[in-house]
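# Examination of the molecular architecture
This is what each chain is made of:
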Amino acid sequence: MSQKTHEILNDAKSRALIDDETYQNWYQESIRDPEKFWGEHGKRIHWFKPYTKVKNTSFTGDVAIKWFEDGLTNVSYNCIDRHLEKRGDQVAILWEGDNPYDDKKITYRELYEQVCRLANVMKANGVKKGDRVTIYMPMIPEAAYAMLACTRIGAVHSIVFGGFSPDALAGRITDCESTFVITADEGLRGGKKIPLKHNTDLAIKIAERNGVSVKNVLVVQRTAGKVEWFAERDIWYHEATAAAEPECKPEEMNAEDPLFILYTSGSTGKPKGVLHTTGGYLVYASMTHEYVFDYHEGDIYWCTADVGWVTGHSYIVYGPLANGATTLMFEGVPNYPSPSRFWDVVDKHKVNIFYTAPTAIRALMGAGDHHVRKSSRNSLRTLGSVGEPINPEAWEWYYNVVGEQKCPIVDTWWQTETGGILITPLPGATRLKPGSATRPFFGVQPQLVDGDGNVLEGTAEGNLCIIDSWPGQMRTVYGDHERFIQTYFSTYKGKYFTGDGCRRDEDGYYWITGRVDDVINVSGHRMGTAEVESALVSHDAVSEAAVVGYPHDVKGQGIYCYVTLMEGQKGDDALRKALVAHVRNEIGPIASPDKIQFSPGLPKTRSGKIMRRILRKIAEDEFSALGDTSTLADPGVVDDLISNRQNKK
Ligand code: 6R9
């Protein structure tokens, strides 16, 4: 592990909003007196009725988290209306299409009109405050309009990533009982079309069988590809919005009214509907966006995530727009038409702040420096990373080759559940160490505990908990508060448990080591191994499956599946292919197994528990250190597993 440090950069320092001393002072104050600290910073957004109570949170008992609880506000008002006077003609969304010749600039005034029209369309079709709206969209401006239109009328959006299958979409529609879906005819990524409307049609049929009937589907025309049309249900977006009024009064929302649901994988069962609310979330998203990226007025800001993930919610749409920024929205992929695409876009739009994921950095690093060097990248000032631990080699490449040692890298650690960034350097204030997310943001109190819950002080490695609330924290699992308590607050009583392992070094810096539960991180996408397992066993040929992660050069972790077949089935390459296709179908391409090992048996304890520790070791090709196998019901299976391993180095 590299212990090299990078001193505060002079360029970053001269313009930095926060220096090290300010960081220390604010941090101390935020912990000593959170009421006062957040009472002041809560004012960064507009309130129709100001709050008088700031913090009312408890991590024990029923776990109730409330911030700014008597304040009234509206997210779309904050992201649009309040900027109109000063920056109505400033670009709000800078859209770069999949095709490099395709782009669009949407000013704040245009954004206002688009969002109002769409809000009116939704209202006219019976969508009311509190109703759930599912958004299944490509990365086009209409995705942001849809989010903001929901917030304008108080509807709760649930975005489902466009790469998810009809089954996965159906599960999410059913869980939150949404009766209104917004989608597009087709998506376009890397020159390939994605049949979003067709997938939606299939998902709605499945949801119907599960008792949830979708009333309307609003369809954006993106490719003008052929789609099936159900006249009593489907509505063309362009027709309906053209006919709607361009003004719509924002609903006054309580700070604790639900804002959105976003499904995320855990170690058990089906994905959880993470629920975020209005006031605290927006305060936290906008504040972190400003200070973590050292955002200054006029900056062109680009986060390469998809709005289907939390990063897209907080740092493409809500944080930047609440701050009146110009946010770049990219429809395509990093290597289309060539691996220089990111840097071409940086030069084309003079991007100042660039935020991406380690998996993209590693892939582009592998493609060769010449793809980077042919661009100027002069405009860049801050580089960010998110989604998984960034290995020091990738960090150094990002810093030296992409940033030419002029841009601090903010390695931002956070989760869908946390709403915004919790551990991160601040440009110009934090000395950087490659691979470390460094220090907590204001108001965040990390704690390391061992397996028994003992608090570890000083230099230590353990399980990462957060011991007090911050405004952006999730409030509940939609429809299942008990699961919320069980998942996050019961492992270590009275503490929020992140599911991540972490080391704290001698400078008090945090180094995230990865998940300690049965969640794997594939290209920055979180996946429960249980989800992939249940997809596998739903195939007729499979009797049992166990899935683990293994180190993968580009994806961070790859998906390694041990599969036991039904009697009479033959484990050959044809079946491997069929199983990969099956999992893609059930969940989506991001869950495609990388390795499938057919194994007559799995290593189990006498009580029938699969010993994943052993399976992980074999998948990593590190089987000389298998540890104690004497508690296995049949130690013999291990030899077979080793000799048929699929990842020989
Ligand atoms: C924002 C997001 C959360 C999990 C998290 C952790 C991993 C995210 C990281 C990181 C190391 C970073 N993770 N950022 N690990 N360093 N900078 O990614 O949310 O999709 O919910 O994933 O991702 O394991 O627990 P989400």
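All figures in this text were calculated on a predicted structure; none of them were measured in a lab.

Criteria and thresholds
Within each chain, residues carry numbers counting from 1 in the order of the written sequence. Only residues with pLDDT of at least 70 are given local features in this predicted model, and only at 80 or more are side-chain atom pairs given and counted; all residues enter the totals for whole chains, interfaces and linings. Computation of side-chain values covers all heavy atoms of the structure but excludes hydrogens and water. In DSSP terms, a helix is any run of H or I states spanning at least four residues, a strand is any run of E spanning at least two, and both are numbered starting from the N terminus. Atoms counted for the radius of gyration: C-alpha only. Globule rule: 2.2 Å times the number of residues to the power 0.38. Contacts between residues were defined by any pair of non-hydrogen atoms, one from each residue, lying within 4.5 Å. Relative accessible area decides the class of each residue, using a 1.4 Å probe on protein chains only: under 20% of the type maximum gives buried, over 50% gives exposed, and in between gives partly exposed. Note on pairing: two strands pair once DSSP finds at least 2 bridges between them. pLDDT is a residue-level measure of predictor confidence that goes from 0 to 100. Note on terminology: near, applied to a residue and a molecule or strand, indicates that one of the residue's heavy atoms is within 4 Å of it. Using a 1.4 Å probe, the Shrake-Rupley method yields the accessible areas, and only the shown protein chains count as cover for residues. Ten residues, namely Ala, Val, Leu, Ile, Met, Phe, Trp, Tyr, Cys and Pro, are considered nonpolar, four, namely Asp, Glu, Lys and Arg, are considered charged, and the remaining ones, Gly among them, are considered polar. Boundary definitions for the domains trace back to an automatic or database domain assignment. UniProt positions are given in the numbering used here, feature names are shortened, and annotations may be inferred rather than shown by experiment. Using a 1.4 Å probe, buried area is obtained as the accessible area two parts lose upon being combined, added over both of them. Whenever Lys or Arg places a side-chain nitrogen within 4 Å of a carboxyl oxygen from Asp or Glu, that contact is recorded as a salt bridge. Each axis is a line fitted through C-alpha atoms, taken for helices only over the stretch in contact, and angles between the N-to-C directions span 0 to 180 degrees. Two aromatic rings from Phe, Tyr or Trp, using only the six-membered ring of Trp, form a pair when their centres are within 6.5 Å; if the ring planes differ by under 30 degrees the pair is stacked, by over 60 it is edge-to-face, and anything between is tilted. Either the NZ atom of lysine or the CZ atom of arginine qualifies as a charge over a ring when it sits within 6 Å of the ring centre and within 35 degrees of the ring normal. Any pair of N or O atoms that falls within 3.5 Å is considered a polar contact. Within protein, one atom must be able to donate a hydrogen and the other to accept it, and sequence-neighbouring residues count only if both atoms are side-chain atoms. In this scheme, a crossing is called left-handed if the near helix is turned counterclockwise away from the far one by less than a right angle; it is called right-handed if the turn is clockwise.

## With respect to the overall build of the chain
Looking only at helices and strands, the chain has 21 helices and 31 strands in total. In terms of overall dimensions, the chain is globule-like: its C-alpha atoms have a radius of gyration of 24 Å, near the 26 Å expected for 649 residues. With respect to the principal axes defined by its C-alpha atoms, the chain has extents near 75 × 60 × 55 Å. Pairs at least 24 residues apart make up 72% of the contacts formed inside the chain by residues separated by at least 6 positions.

## Observations regarding the pairing of strand E17 (residues 326-330)
Among the 5 residues in E17, 5 count as buried, and that is most of the element. Here E17 shows a buried face lined by Thr-326, Leu-328 and Phe-330 and a second buried face lined by Thr-327 and Met-329. The pairing of strand E4 (residues 91-96) with E17 spans 4 bridges and is classified as parallel. Counterpart to Ile-93 in the pairing with E17 is Thr-327. Alignment of strand E16 (residues 300-303) against E17, held across 3 bridges, turns out to be parallel. For Ile-300, the partnering residue across the bridge sits in E17 and is Thr-326.

## With respect to helix H13 (residues 341-349)
What H13 keeps buried is the set Arg-341, Phe-342, Trp-343, Val-345, Val-346 and His-349. At the C-terminal side of H13, Lys-350 shows a positive phi close to 55°.

## Describing the confidence of the model for the chain
Confidence along the chain averages 95 in pLDDT terms, with 99% of residues attaining 70 or more. Note on the complex model: pTM 0.94, ipTM 1.00.

## As for the site of the ligand
Surveying the vicinity of the ligand reveals 17 residues, the closest of which are Asp-411, Thr-412, Thr-416, Asp-500 and Arg-526. When the free accessible area of the ligand is taken as 530 Å², the share hidden by the protein chains comes to 96%. Secondary structure elements with two or more residues in the shell around the ligand: helix H12 (310-322) and strand E26 (510-515). Along the lines of polarity and charge, the residues of the shell around the ligand split into 6 nonpolar, 6 polar and 5 charged. When residues of the shell around the ligand are assigned to domains, at least three fall in each of domain 1 (10-500) and domain 2 (513-644).

## A look at the UniProt feature "binding site: Mg(2+)" (unreviewed entry) in the chain
Cross-referencing UniProt, the feature "binding site: Mg(2+)" (unreviewed entry) maps to Val-537, His-539 and Val-542 in the present numbering. Here His-539 lies in the loop between helix H18 (529-537) and strand E29 (542-552). Relative accessible area serves as the criterion here: at 19%, His-539 is assigned to the buried category. Apart from the residues lying within four places of it in its own chain, the contact partners of His-539 are Leu-575, Ala-578, Leu-579 and His-582. With respect to the helices and strands, Val-542 occurs in strand E29.

## Some details on the domain arrangement of the chain
Looking at the chain, the domain boundaries give domain 1 (10-500) and domain 2 (513-644). Taking only C-alpha atoms, the centre of domain 1 and the centre of domain 2 are 32 Å apart. Summed over both sides, the interface of domain 1 with domain 2 buries roughly 2,000 Å², with 48% coming from carbon and sulfur. The tally of links from domain 1 across to domain 2 stands at 1 salt bridge. For Arg-526, the salt bridge goes to Glu-417, with nearest N and O atoms at 3.0 Å. Here the side of domain 1 that touches domain 2 takes 4 residues from strand E25 (residues 496-504), the largest share from any one element. Per-class residue counts for the side of domain 1 that touches domain 2 are 8 nonpolar, 14 polar and 6 charged.

## A look at the sheet that holds strand E19 (residues 382-385)
If you walk across this open sheet you meet the 7 strands as E5-E4-E17-E16-E18-E19-E20, and the pairing is mixed. The open sheet has two free edges, formed respectively by strand E5 (103-107) and strand E20 (409-411), since each of these has just one partner strand. For this sheet, the mean inter-axis angle between neighbouring strands, taken without regard to orientation, is 20°. Direction of pairing for strand E18 (residues 353-356) relative to E19: parallel, over a ladder of 4 bridges. Each residue of the ladder has a partner; that of Tyr-355, found in E19, is Gly-384.

## Some remarks on the packing of aromatic side chains
If you walk through the whole model with that rule in mind, you get 46 aromatic pairs. Measuring from centroid to centroid gives 5.9 Å for Phe-342 and Trp-343, while their planes differ by 85°, and the two rings are edge-to-face. Assigned by exposure class, Phe-342 and Trp-343 land together as buried. Of note, Lys-104 hangs over the ring of Trp-95, and the distance from its end group to the ring centre comes to 5.3 Å.

## Quick look at the pattern of salt bridges
Applying the stated criterion across every chain, the model contains 40 salt bridges. For Asp-507, the salt bridge identified is with Arg-431, shortest N-O distance 3.3 Å. With a gap of 76 residues between them, Asp-507 in the loop between E25 and E26 and Arg-431 in the loop between E20 and strand E21 (446-449) connect regions that are remote in the sequence. We classify Asp-507 as partly exposed; its relative accessible area is 38%. Note on Arg-431: relative accessible area 26%, which makes it partly exposed. Three or more residues joined by partner-sharing salt bridges are found here, namely Arg-15, Asp-294, Asp-299 and Arg-381.

## Some remarks on the side chain of His-313
With respect to the helices and strands, His-313 occurs in helix H12. Looking at His-313, the relative accessible area reads 0%, which means it is buried. Only 3.0 Å separates the side chain of His-313 from the backbone oxygen of Trp-309, close enough to count as a polar contact. Discounting residues that sit within four places of it in the chain, His-313 has contacts with Met-147, His-157, Ile-159, Phe-260, Leu-262, Tyr-281, Val-307 and Tyr-318.

## A few points about the UniProt feature "domain: AMP-dependent synthetase/ligase" (unreviewed entry) in the chain
What UniProt calls "domain: AMP-dependent synthetase/ligase" (unreviewed entry) maps, in this numbering, to residues 81-466. The span residues 81-466 is 33% helix and 23% strand, and its two end C-alpha atoms sit 35 Å from each other.

## Structural notes on the packing of helix H6 (residues 108-124) against helix H7 (residues 141-153)
In contact at an axis separation of 8 Å, H6 and H7 are set at 65° when each is read in the N-to-C sense. You can see that H6 and H7 cross each other, and the crossing is right-handed. Residues Leu-111, Tyr-112, Gln-114, Val-115, Cys-116, Leu-118, Ala-119, Met-122 and Lys-123 of H6 form the contact with H7, whose participating residues are Tyr-145, Ala-146, Leu-148, Ala-149, Cys-150, Arg-152 and Ile-153. Tallied by class, the residues present in the contact of H6 with H7 amount to 13 nonpolar, 1 polar and 2 charged.

## What about the environment of Asp-594?
On the secondary structure map, Asp-594 appears in the loop between helix H19 (573-586) and strand E31 (595-598). Looking at Asp-594, the relative accessible area reads 28%, which means it is partly exposed. With 34 residues separating them along the chain, Asp-594 and Tyr-560 place their C-alpha atoms 6.0 Å apart. Here Asp-594 is in contact with Tyr-550, His-552, Lys-555, Gly-558 and Ile-559, once residues within four sequence places are set aside. Of the polar contacts made by the side chain of Asp-594, one reaches the side chain of Lys-555; its length is 2.6 Å. Within the structure, Asp-594 has its side chain in polar contact with the backbone nitrogen of Ile-559 (distance 2.7 Å).

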